[in-house]
Amino acid sequence: MKNTIRFVLDGKIREVDFSKYPELKPTTTVLNYLRSFPEHKGVKEGCAEGDCGACTIVIAEIGENEKLVYKTLDSCLVFLPMIHGKQLITVENLAITENNEKSLHLVQQLLVETNGSQCGYCTPGIVMSLFGIYKNHQNPTKEIIEDALTGNLCRCTGYQPIIEAAQKACVNNCEDHFSKSEKEVVELLKKINSNTETITIKNKSQKYFKPFSISEALRLRNENPNAIIINGSTDIALRQTKKNEFFAEILDLSGVSELKNIKVENNSIVFGAGITIEQVRNYSIEKFPALNKILNVFGSLQIRNIATIGGNVGSASPIGDTLPVLFAYCAKIKLQSENSERIIAIEDFIIGYRQADIKNDELITEVIIPKQDKTGVVNSYKISKRKDMDISTVSSAFKLKLSGESVSEILLAFGGMAAVTKRAKETEKLLIGKKWNRENVETAMKILEKEFTPLSDARSEAEFRSTAAKNLLLKFYLETKQN
Amino acid sequence: MSDQIHHNSAISHVTGESVYINDMLMSSQLLFGKVVFSKYAHAKIKKINIKKALKVKGVHAVIIAKNIPGENQMGPVIHDEPCLAEKVVTFVGQAIALIAAENKDALLQAEKLIEIEYETLDAILDIETSIAKNNILAPQRKIERGNVDLALKNSPHTFKGELKTNGQEHWYLETQTALAVPGEGKEIMVHASSQNPTETQAIVAEVLGISKNEVEVEVKRMGGGFGGKETQGNHVAAWAALLANATKRPVKIHLFRDDDQIMTGKRHRCLSKYEIGFDEAGKILAYKVEINTDAGAAFDLSMAILERAMLHADSSYFIPDVQIIGRAWKTNLPSNTAYRGFGGPQGMAVIENLIDMIARYLKKDSAEIRLLNFYNIDKNNFTPYGQKIDSNRLFVMYDQLIKSSEYSKRRNEIDKFNNENEFVKRGMAITPVKFGISFTTSFLNQAGALVNIYTDGTVLVNHGGTEMGQGLHTKMLQVASVELGISPDRIKVNATNTSKVPNTSPTAASSGSDINGMAVKNATDIIKSRLVEVVISEFERLYPNNKSLNENIVFENNFIFDKLYPQNKISFNEIIKTAYIKQVSLSSTGYYKTPGIYFDRDKGQGNPFYYFSYGMSVSEVEIDSLTGQYKLLRSDILNDVGNSINEGIDIGQVEGAFIQGVGWVTTEELKWDKTGNLTTHSPDTYKIPTVNDIPKDFRVELLKNAPNSGTILKSKAVGEPPFMLAFSVWLAIKDAISAVGNHTIEPDFTLPATYEVILLSSEKIRNKLKVK
């Protein structure tokens, strides 16, 4: 398809032909698109970086058994073609007017009754997050509610009434007027999604490709080696919204369904690169608890719902949340090009500050984590200024195997301590073969402190990073002793 | 009063229909404005070239200082703040040029093409350097009682030291925004996100060189203010007005989040130096404090803020001999400004921390020391500035809260927990708030209103206050409803507009409902007195046997009746129609000034406050002393709002202010680099509380049966005071750090108590213990 995307909005298929609207670019965000219509100005920009959630929208897509799956997203970070084939739900769609009378959605009604809005600016985003909870949970726990609201900053209320509104509203088995129109919407979406021809949007200065198969994706990658690769775009979009960077070529993998599988293969779990962080989080609860633990404090639900494991690994950020723990789990990365494929250890994949070993015709297609046996222990830690919705100041993941009381295998990986995710190899060397006791750990802490020369920046001073890093080893030790 | 009345915009908030300035529908003639600001903290501007920028397609105007038709200034009190920097820039983020264009791309392109040549100068970027260079903003202020030096000398124990408190970014969700629409001739209409439309009007008039009657400023609602739009909203309005005037088109400026954080003023950070003397029991005998505030590059409201910090240096405690010195220092940072509490928090933090130090030193519970030092009921009840503390609610609230929070029991449990855990520690603290209500600039304590009744019996209330989410319009609607005896759904409160109610004071100092409520009441009283005449004559006609007297006429439940002869009754709507036919005016202005307020700044003595609002809170935290991370386990709050006009709204103010305070004392950290660039200029690095940062167990109550005399519906102000309840969290964290050394070592401590403070302070205690 040339220059055209289609999605469902306000109950109808909306077709956007970019060639007809010169003011629209393929990199126009869903937020800015919506706000260009008088009837969709409820959605707000509070920060343009996915931190405040005032721009929260809900996307519905076809899931198992032809049921719609509802997800909250930050519309400031989503490029318009990314919602092709989905239903876009905005705050204006929640209340319905029948016989000239407006009736609020239950989440809206409860937010009014609990005095959950003050200045009202964050409220449309809060309402959409509440709606997301409503559509996914019956009688949610406080933890579920808080988790779903972490990505919505409110400066007025202190949040208490918002939590209360969620508790009181989410009692109807997710039923509402959206349930009634679900079948119709599913039909509309099926109609759109039946066409799997690659979407190509071109204007004078931009090219945007949205393929629907891995073979198409690899072909486009080969043909457009300079194209920026996106899947959830939560990292890349910031470069546009915050730094006004212009992207001439974009390869959007969000439509490639082959990248969205989780498989069990050769004693490993294979995550398709397009699996979202939220999916990895839910999948890893028992299989990879240290990964689950770090993903519990990864961004917000809005971010986790769209950010992908492939994207997080590919950004090779020194403060990327998944990297230390993937080091500790000895994960591997599968890279594919049109003509070849290779599997590489995550440690070898990261080659520099925001640099990964990826050739200009390759795509990350899988993240492979070996199943863990019971003989070792892996744990992970993230220290940030604020507990949630914050980037790591220091993060770490440790792996330990004991033979008797002695250390037979140890891996100490740190994020935030150097330009890349880095192992404390001197400390590991010191501990190997030694007894796993407090005295040896405390000696190791002194080495560990010297092994890194971290930065001072907006998040913390270097001294904090060094102290916290060495203390994390002690914390890990104490926790191994507790269990 | 009913607590069933929700915020009058609640429904439009939740449906997304509430209109903020950035949502207003405009024609295609609307232009977008952008501010080009200084990249240097202190520099001479040697050359500005805007020629290339003007040629960009879609650009309609580029304005620099010399293009300003009126006065190049926008300082609210002292005219020391240029609207656009001309020869010198004094902070990073200072406006130099303005661009108006048809779209964002053109704005960005034009911005890149503006050539500014600077010659950098030495910059002062902190209070210490400013003190060393004697770069004082204005002569110091002093409040004094007794002979503090002698009292310190005679005190059995003394502490001397200093405390730093950092600033705070307002982080209103709606960044600074204004839309200016040119009218006929010189007229201009400005839609502003401003807490002070009258001042916005004045500054727009000044920069355009026109008179105030040619400027109309309207404020429908703000997406949060917190003091950040008391003066800072004027700037954006003035810039938008200049561009609208230059292009003769509507121009909107909506600041990008990072630009807003970089350009606008914040809460004043402070460096306070203290000496305190106390006895064996922990009774404070003498207190000497020097509060040094970082004013930033210009006056703004710094002197008034400094004054309030000084007036709250006593917190809730009686100090026999006391000296409070205040100095505001100039630095090359954006001029700091009003922020919820207006200096009060900075003044109180010092003594609250000292009480904690005294308790640790004497090995007592800090709650005991606080109780011992509270202002007394019948003696020791004069503040350092000579105001008598009437209706002291500290003891009542302390007793109630200590009981309801099970303070003693939990103290024992915490001690036990701390003995059993090596690195995870818990701490708890109770802290009081006594906050003076009124503008300390006495003349600001006045308000106006305009109430119109239309012939269908509906009412439109206009008043001078602005709505920033605090529910002021809702409370004003309730006041009109109570006073006119009609149901709230027949009343509407309009956008605040300078042409409806002129010469208003800012919606600030928590005074919004106090003063505007009285002004609304004054207007309804005037209309009612006119209506009563009509009612009497109607009753005479309808019920000739029962003669009604004016004083017996009651307005209630949409009817008007005689309380002696309840059958003498007429509906409100009917009397309105009759009054109109009888040529009686159905509209009135209202006016109010707070009585009995004065303060002699030179002597540091007077009665600056109409009354005090009280509050108290107990918080319990848990820290991980290995990582510096903390959890807020529980907070119990008891707050005094007099007779609440609207409990739902008041509890919302208490909870919201408290959590904003928690942000200030924990995770919100302003940091600048060595050249004066703010490094925490976005929510990526500047961390306000999320839903997970509120207490796991959060119990908020309003003090019952506590009418306040002489205020609207016997209520009390609520906007700012609960902010300072967050000291309970701050000092609970300190208590937990102190537990690392089994309360034998005074922890290093500052505000905020970030994870960095918690970890490094704990680490230092551990190292000291090792040496011992």
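See the structure printed just above.
Residues numbered from 1 in each chain as written. Chains lettered and ligands numbered in written order. Predicted model: local features only at pLDDT ≥ 70, side-chain atom pairs only at ≥ 80, totals over all residues. Heavy atoms only, no water.

Enquirer: Got a minute to help me understand the overall build of chain A in this structure?
Expert: Counting its regular elements, chain A contains 18 helices and 22 strands. Here the C-alpha atoms of chain A give a radius of gyration of 23 Å, agreeing with the 23 Å that 2.2 N^0.38 yields for 483 residues. Taken along its principal axes, the extent of the C-alpha atoms in chain A is 75 × 55 × 40 Å. Evaluated residue by residue, chain A yields a buried proportion of 63% over its 483 residues. Here the contacts in chain A between residues at least 6 apart in sequence split such that 65% fall between residues at least 24 apart. When the accessible surface of chain A is summed, it comes to about 18,600 Å², and 47% of that surface belongs to carbon and sulfur atoms. Taking the average place of the 63 positive charges on the side chains of chain A and the average place of its 60 negative ones, the gap between the two points comes to 2 Å. (Helix = DSSP H or I, 4+ residues; strand = E, 2+ residues; numbered from the N terminus. Rg over C-alpha atoms; globule rule 2.2 N^0.38 Å. Buried < 20%, exposed > 50% of the residue type's maximum accessible area, 1.4 Å probe, protein only. Contact = heavy atoms within 4.5 Å. Areas by Shrake-Rupley, 256 points an atom, 1.4 Å probe, with all protein chains shown as cover. Lys, Arg positive; Asp, Glu negative; His and termini not counted. Charge placed at Lys NZ, Arg CZ, Asp CG, Glu CD.)

Enquirer: Which parts of the structure should I look at to understand the interface of chain A and chain B?
Expert: Contact residues are listed per partner, giving 77 residues for chain A and 75 residues for chain B. Roughly 6,300 Å² is buried in total at the junction of chain A and chain B, and carbon and sulfur atoms are behind 55% of that figure. Contact with chain B buries area across many residues of chain A, yet Y121(A), R155(A) and K385(A) alone supply 15% of it, more than any other trio. The interface formed by chain A and chain B includes 14 salt bridges. In this structure, E668(B) and R155(A) form a salt bridge, with 2.6 Å as the shortest nitrogen-oxygen distance. Taken together, the links from chain A to chain B amount to 45 residue pairs in polar contact (both at pLDDT 80 or more). Elements represented by at least two residues in the side of chain A that touches chain B include exactly α2 (106–113), α3 (123–136), α4 (142–149), α5 (160–169), β19 (376–383) and α18 (462–482) of chain A. Looking at the side of chain A that touches chain B element by element, the count peaks at ten residues for α18(A). Residue composition of the side of chain A that touches chain B, grouped by class: 31 nonpolar, 19 polar and 27 charged. (Buried area = accessible area lost by both parts, 1.4 Å probe. Salt bridge = Lys/Arg side-chain N within 4 Å of Asp/Glu carboxyl O. Polar contact = N/O pair within 3.5 Å; in protein donor to acceptor, adjacent residues only side chain to side chain. Nonpolar A, V, L, I, M, F, W, Y, C, P; charged D, E, K, R; others polar.)

Enquirer: What's the story with the environment of M397(B) in this structure? I'm lost.
Expert: Residue and element names in this part refer to chain B. Of note, M397 is situated in helix α12 (residues 394–404). Classification of M397 as buried rests on a relative accessible area of 0%. Distance in space between the C-alpha atoms of M397 and I659 is 21 Å, their sequence separation being 262 residues. For M397, the contacting residues outside a window of four places in its chain are Y614, G615, M616, L638, N639, D640 and L703.

Enquirer: For this particular structure, what's the right way to read the sheet that holds strand β22 (residues 422–423) of chain A?
Expert: Strand pairing in a sheet relies on backbone hydrogen bonds, with the paired strands running either antiparallel or parallel. All names here are of chain A. Taken in spatial order, the four strands make up an open sheet running β19-β20-β21-β22, and their pairing is antiparallel. The sheet is open, and its two edges are formed by β19 and β22, each paired on a single side. Taken together, the eight bridges between β19 and strand β20 (residues 394–403) define a ladder with antiparallel strand orientation. If you follow V377 over to β20, its bridge partner there is L400. Docked against the sheet, α18 engages β19, β20 and β21 (406–415), running at close to 145° with respect to β19. (Pairing = 2+ DSSP bridges. Axes fitted to C-alpha atoms, helices over the stretch in contact; angles between N-to-C directions.)

Enquirer: Help me understand the environment of L152(B) in this model?
Expert: Residue and element names in this part refer to chain B. Looking at the secondary structure, you find L152 in helix α5 (residues 148–153). Sequence-wise, L152 and Y287 are 135 residues apart; in three dimensions their C-alpha atoms are separated by 7.5 Å. Every residue in contact with L152, bar those within four places of it in the chain, is listed here: T158, E275, I276, G277, A286 and K288.

Function cannot be inferred from these measures alone, as they are strictly geometric.
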